[in-house]
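Spelled out, the chains give:
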Amino acid sequence: MKKELLVAGLGNPLMSDEGIGVHILNRLLQDSDKYPFAEFIDAGTAGINLLHLISNRKKVIIIDCAYMNTGPGTLKRFVPEEAETIKKLAVQSLHEADILKIIEMSALLGEKPREIIIFGIEPQAVEPGNNISRKLEEKMIFYVSEISKDIRF
Amino acid sequence: MGKNLNINVHHLTRVEGHGNIVVNAKDGRIEKIRWEVPEAPRFFEAMVRGHSYEDIQTIVSRICGICSISHSLSAIKAVENALGIEVSEQTDMLRHLMHYSEQMQSHSLHIGYLAAPDFFGAPSVVPLVSKAIDVVKTIVRIHRIANEWSDLIAGRTTHPVTIIPGGFTKVPTPEQLLQLQQTLKNTVKDIHTLADVVLSVASALPKFERETEYVSLKQTNPPTYTFYHGDIASTDTDKAMPVKNWQKVANEYMTEQSTAKWAKWHRESYMVGAIARFNINADLLCDEAKQTAKMFSLKKGCCNPYMNTIAQLVECVHLFHASIKLIDRILTKGLVSEKVKVKVRAGRGAGCTEAPRGILFHEYEFDKNGKCLAADMCIPTNQNHANIQKDMEKLVPQIIDEGEDAVRQKLEMLVRAYDPCISCSTHMLDIRFKK
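Okay, so let's go over this structure. (Residues numbered from 1 in each chain as written. Chains lettered and ligands numbered in written order. Predicted model: local features only at pLDDT ≥ 70, side-chain atom pairs only at ≥ 80, totals over all residues.)

Quick word on the overall build of chain A
The secondary structure content of chain A amounts to five helices and six strands. When the elements of chain A are put in sequence order from the N terminus, they spell out β-α-β-α-β-β-β-α-β-α-α. Its C-alpha atoms give chain A a radius of gyration of 14 Å, near enough to 15 Å, the size a compact globule of 153 residues would have. Seen through its C-alpha atoms, chain A measures out along the principal axes to roughly 40 × 40 × 25 Å. Out of the 153 residues belonging to chain A, those deemed buried represent 50%. (Helix = DSSP H or I, 4+ residues; strand = E, 2+ residues; numbered from the N terminus. Rg over C-alpha atoms; globule rule 2.2 N^0.38 Å. Buried ≥ 20, exposed ≤ 12 C-beta atoms within 10 Å, placed from the backbone.)

Pasting the structure below:
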């Protein structure tokens, strides 16, 4: 049975800061006992699979690396309606997915969660590598504490 | 006066990764036709060096968000080959079932989300929702079931966590397998509905043919429409090649129009993927899948690359029926919890599976402690690049009088038919905030 709240960390942990969503999710997982009503998923580069992961939940929190034209390391909390995509890549594909388009499709199919919150983290380095940059690593505690505030109804 | 063409599709949409199509013609004379792949290399082969044989499949599963199971399985087969590890019949059957789920995920994604908009004249699947909601709902249902199927056997939808060299860390319960089987039985009608829908719009597929070589796995003992076991077969020869000699098949080489390596075997290019598997193994499909092929007049020897999408559809029908039977076999044998024992030794080994988009090779070398010394991988899309280029060179002169928009559309559809997976590792958001 699906839990009503989903926390999904997106990204590729082998591409340094691009995997920040997965790194944060792994930290959140250490305290997952505190949130029995929430499901924590390392969604990797799941792309359009996100459509299925979010379907018919009450609340979804998405954590992802994002180019937002802010400084590296910046954490921004927003709802889908506040942002528009300027991504010019594949409209829908599995790895190069555009999560804002997926949310739009979820709405058209009538299965969009009531509440979706996206946490975007501006990267410093997107390049092959297992570790995130020091700039982001130093803010990890801050990211975890900010995002944790939203793991509730 | 002849036609002028100036096509420059920079970053083709609805394919996985970054590919460009460039065509120039002046007064009907073609000056340039190029399929370019400017994607940055990702150095996975270097990344696994120094890691333990136990970690390889976990790392390489991140190469791709679609074919992660195929990458993991090819890697595990190579590791087992290098270290002399045998697996049980139960492991073999569960791996097949897991692998089938990925083929279903990927094929339904390609047919439904990436190719269908071309058939229906929509720019993407999002506007298609309002144009043909029942069709999209059927596609979403099939794709969702395939994902849940992977979740059950692989531990999650992508990047499997249950498989290790020698076996599984966790196997499903008989009740879970029975439930999956029931779900598949209930969904068979959806697959056939999808086939009917695609048939109703199949006239949108261009009639273009070019003879080429097709390469896929072929399993003779027992004869099986295979995605997992077997030797490397070609439509250009009756002599199959053992997997350990895969480098003599791919003959990878560099070209200046691409950062990806290209491949050739008996002629200047070859094609891998569903149509290659069909051309080599079609007589081993289940009756229902053969019937679906017949609906589309798809026959062995087909050399229309656009029919690759139809071959994927035929495989979907086969995979559903084959999986229902496979679950029966697994349950009849009975599921047991197996302990995996590995005796580490130095060695080199190759492993191969059919990824949804074609044959996939992995090879690794380990020292006596099981530490990876070297790695080599050859992905299906790279094996298709030369064939895409040759198709374009034949197709453009045939359609040059149809005008720039039609030529562009047919070339884009051609590349999409190969279901290419050029790069899978980055996906990030690129957004601005509304004022």
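Looking at the packing of helix H3 (residues 68–83) of chain B against helix H4 (residues 89–120) of chain B
All names here are of chain B. The interhelical angle for the contact between H3 and H4, taken along N-to-C directions, is 145 degrees, at an axis separation of 8 Å. Where H3 approaches H4, its residues Ile69, Ser70 and Leu73 are matched on the opposing element by Arg95, Met98, His99 and Glu102. A breakdown of the residues in the contact of H3 with H4 according to their chemical character gives three nonpolar, two polar and two charged. (Axes fitted to C-alpha atoms, helices over the stretch in contact; angles between N-to-C directions. Contact = placed C-beta atoms within 7 Å. Nonpolar A, V, L, I, M, F, W, Y, C, P; charged D, E, K, R; others polar.)

Thoughts on the sheet that holds strand S13 (residues 372–378) of chain B
Residues and elements named next belong to chain B. Strand order in the open sheet made by the three strands is S11-S12-S13, with antiparallel pairing throughout. Two strands bound the open sheet, and with one partner strand each, they are strand S11 (347–355) and S13. Recorded for the sheet is a direction-independent mean angle of 15 degrees between the axes of neighbouring strands. Pairing of S11 with strand S12 (residues 358–366), which is carried by nine bridges, proceeds in the antiparallel orientation. Residue pairing in the sheet places Thr353 in a bridge with Leu360 of S12. Across the sheet, H3 touches S11 and S12, and the angle it forms with S11 is around 150 degrees. (Pairing = 2+ DSSP bridges.)

Considerations on the environment of Ser61 of chain B
Residue and element names in this part refer to chain B. Within the secondary structure, Ser61 is located in the loop between helix H2 (56–60) and H3. Classification of Ser61 as buried rests on a count of 24 C-beta atoms within 10 Å. Setting aside chain neighbours within four positions, we find Ser61 in contact with Ser68, His71, Ser72, His159 and Pro160.

Regarding the sheet that holds strand S3 (residues 29–36) of chain B
Residue and element names in this part refer to chain B. The antiparallel open sheet is built from three strands, whose spatial order is S1-S2-S3. Every other strand in the sheet has two partners, leaving strand S1 (5–9) and S3 as the edge strands with one partner each. Averaged over all pairs of adjacent strands, the angle between strand axes in this sheet comes to 5 degrees, irrespective of strand direction. Across seven bridges, strand S2 (residues 20–26) lies against S3 in antiparallel orientation. Each residue of the ladder has a partner; that of Val23, found in S3, is Ile33. Running at roughly 155 degrees to S3, helix H12 (residues 380–399) makes contact with S2 and S3 of the sheet.

Digging into the pairing of strand S9 (residues 237–241) of chain B
All names here are of chain B. When you tally the buried positions in S9, you get zero out of five residues, a small fraction of the element. Note: strand S8 (residues 231–234) against S9, two bridges, orientation antiparallel. Across the sheet, the residue bridging to Ser234 is Thr237, located in S9. The antiparallel pairing of S8 with S9 creates a hairpin that spans two residues between the two strands.

Points about H3 of chain B
The terminal C-alpha atoms of H3 of chain B lie 22 Å apart, and with 16 residues this matches the ideal 22 Å at 1.5 Å per residue to within 8%. For H3 of chain B, the buried fraction is high: 15 of the 16 residues fall into the buried class. (Expected span 1.5 Å × (residues − 1).)

So, the packing of H4 of chain B against helix H11 (residues 308–333) of chain B
All names here are of chain B. Following both chains from N to C, one finds H4 and H11 inclined at 155 degrees, their axes separated by 9 Å at the closest point. On the basis of their axis angle, the class for H4 and H11 is roughly antiparallel. The element H4 and its partner H11 pack so that their crossing is left-handed. Looking at the contact of H4 with H11, its residues break down into 13 nonpolar, nine polar and four charged. (Parallel < 35°, antiparallel > 145°, perpendicular 65-115°, else oblique. Left-handed = near helix turned anticlockwise from the far one by under 90°.)

Here we look at the environment of Val198 of chain B
All names here are of chain B. Checked against the element boundaries, Val198 lands in helix H7 (residues 174–201). When the 23 C-beta atoms within 10 Å are taken as the criterion, Val198 is described as buried. With 78 residues separating them along the chain, Val198 and Phe120 place their C-alpha atoms 9.6 Å apart. Look past the residues within four positions of Val198 in its chain and what remains in contact with it is Ile111, Phe119 and Leu313.

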